[in-house]
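Residues per chain are reported as follows:
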Amino acid sequence: MSDCKNALVASNGDMNQAIDWLRKKGVASAAKKSGRVTAEGLIGLASANSRGALVEVNTETDFVARNALFQKLTTSAAAAALELSSTNGDLGRDTLLQQVIKNIQDESKTQSLQEAVTQVAAVVGENVQFRRGNALSVKNGVVGSYLHAAVGPGIGKMAALVALDSDTQDKQGLTELGNKIAMHIVAAKPSFLTREEVPSADLQREKDVLLEQGRKEGKTDAILDKLVQGRLSKYYEQVVLLDQKFLITDKPDKKVSKVLEEASKKWNSSVKISAFSLYSVGEGIEKKQSDFAEEVQKQLQ
């Protein structure tokens, strides 16, 4: 109310000028907040059979992440990403921010995603950032999905997509399998699809650690190589999706690769994972630890 009054005073009672004043004030306010750490927020998920998209929208506090306008921004961003899902992998932050969506507060109008982000930041009073977007698609098959800790339709704290390539006519069964594998991905958090994708530097670092562990255990050079190879299998089970033991089953020793093999035999059609994507809110963002009393003192200065 005070902002509205100030806008009318500054605009000599002209309503249109007052609206422009408020809009400019919001943009300036959002710019001031842009340096603050945004490690909270939501993951948006949108899918349509052979296509799927994930986005991450961040803010400073979980309180704002529960705001209806912030949630609408996240679902709108996911829908915009889905429109670009013919491109597999990272969609490009700048490209997505240029996408035109329905106005967050007035659906009779349109705006860019960047304008929507700025608008929401001005309303909620926190730094709001669109962080990233990713999409998967297949020509023959389905894109399975799973959303964890959902706070509403298509929005939650963690989500996964998995692209299953197959010519089987049982699309419902294939989708159910894809959704289970996506659930597994959220739970097991693999970093790579195959062993070949593991960077050589990561693999060498792991080998060096295992060799050192073996030497400290008193193992001789004659058996160190076999020991390292055996323990590397455990490493692959941690980071490689196809090597992981499938968690969404009553047979705990069955690997994801075996699940795909059995599905291929069942449908008499090859079933392969071509790609997957996993998003978790705030992943890799260092949260700033602040002293509340110190923050209050700064506000009083």
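Here, the structure is the one placed above.
First things first, this report covers the structure right here in the doc. Given the structure is predicted, the values throughout are model-derived calculations rather than measurements. (Residues numbered from 1 in each chain as written. Predicted model: local features only at pLDDT ≥ 70, side-chain atom pairs only at ≥ 80, totals over all residues. Heavy atoms only, no water.)

On to the pairing of strand β9 (residues 158-165), then. Of all the eight residues making up β9, seven are buried; the element is thus mostly covered by neighbouring parts of the structure. Sheet analysis places strand β7 (residues 141-148) next to β9, joined by eight bridges and oriented antiparallel. Among the inter-strand pairings, V142 is bridged to a residue of β9, identified as L164. Sheet topology places β9 next to strand β10 (residues 272-280); eight bridges connect them, and they run antiparallel. Across the sheet, A163 pairs through a bridge with A275, a residue of β10. (Buried < 20%, exposed > 50% of the residue type's maximum accessible area, 1.4 Å probe, protein only. Helix = DSSP H or I, 4+ residues; strand = E, 2+ residues; numbered from the N terminus. Pairing = 2+ DSSP bridges.)

This part takes up the sheet that holds strand β2 (residues 51-59). Strand-to-strand pairing in sheets goes through backbone hydrogen bonds, with the strands running parallel or antiparallel. The strand order across the open sheet built from five strands is β3-β6-β2-β1-β8, with neighbouring strands paired in antiparallel fashion. The open sheet terminates on both sides in strands that have one partner only, identified here as β3 (89-90) and β8 (155-156). The strands touched by helix α4 (residues 68-83) within the sheet are β1 (40-48), β2, β6 (129-137) and β8, with β2 carrying the most contacts at an inclination of about 145 degrees. (Contact = heavy atoms within 4.5 Å. Axes fitted to C-alpha atoms, helices over the stretch in contact; angles between N-to-C directions.)

Let's shift gears to helix α10 (residues 256-267). A rise of 1.5 Å per residue sets the reference length of α10, with its 12 residues, at 16 Å; its end C-alpha atoms lie 17 Å apart and thus fit the reference within 8%. The complete set of buried residues in α10 reads V256, V259, L260, A263, S264 and W267. Taken around the axis of α10, the buried residues stretch over an arc of 135 degrees, which confines them to a single face. Looking at the buried side of α10, the elements it contacts are β9, α7 (171-188) and β10. (Expected span 1.5 Å × (residues − 1). Arc of directions from axis to C-beta.)

Let's shift gears to the packing of aromatic side chains. Enumeration according to the criterion identifies one aromatic pair in this entry. Measuring from centroid to centroid gives 6.0 Å for Y235 and Y236, while their planes differ by 50 degrees, and the two rings are tilted. The pair formed by Y235 and Y236 is uniform in burial state, with each residue classed as buried. The lysine or arginine in question, R132, covers the ring of Y279, its NZ or CZ lying 3.8 Å from the ring centre. (Phe/Tyr/Trp six-rings, centres within 6.5 Å; stacked < 30°, edge-to-face > 60°. Lys NZ or Arg CZ within 6 Å of the ring centre and 35° of its normal.)

With that settled, consider the nonpolar core. Grouped together as the largest cluster of nonpolar side chains are 30 residues, with contacts concentrated most on F70, L73, L113, V120, V128 and F130. Looking at this core, the elements with two or more residues in it are β1, β2, α3 (62-65), α4, α5 (93-97), α6 (113-124) and β6. The biggest single contributor to this core is α4, with eight residues. Formed by 22 residues, the second largest nonpolar core is a distinct cluster that contains L177, V186, L193 and V256. (Core = buried A, V, L, I, M, F, W, Y, C linked by side-chain atoms within 4.5 Å.)

Here we take up the packing of α4 against α6. Interhelical geometry of α4 versus α6 gives an angle of 170 degrees and a closest axis separation of 10 Å. One element, α4, and the other, α6, form an angle in the roughly antiparallel class. In this structure, α4 meets α6 at a crossing whose hand is left-handed. Residues L69, F70, L73 and A77 of α4 form the contact with α6, whose participating residues are L113, A116, V117, V120 and V123. Grouping the constituent residues of the contact of α4 with α6 by class yields nine nonpolar, no polar and no charged. (Parallel < 35°, antiparallel > 145°, perpendicular 65-115°, else oblique. Left-handed = near helix turned anticlockwise from the far one by under 90°. Nonpolar A, V, L, I, M, F, W, Y, C, P; charged D, E, K, R; others polar.)

Counted under the stated rule, the structure contains 14 salt bridges. Between K72 and E107 there is a salt bridge, and its shortest N-O distance comes to 3.1 Å. With a gap of 35 residues between them, K72 in helix α4 and E107 in the loop between β4 (100-102) and β5 (110-112) connect regions that are remote in the sequence. Exposure remark for E107: the relative accessible area of 47% places this residue in the partly exposed category. One salt bridge in this structure joins K109 and D106, with 3.9 Å as the shortest N-O distance. In this structure D106 comes out as partly exposed when scored by relative accessible area, which is 29%. Linked through salt bridges whose partners overlap, the residues forming this network are E56, R131, R132 and E283. (Salt bridge = Lys/Arg side-chain N within 4 Å of Asp/Glu carboxyl O.)

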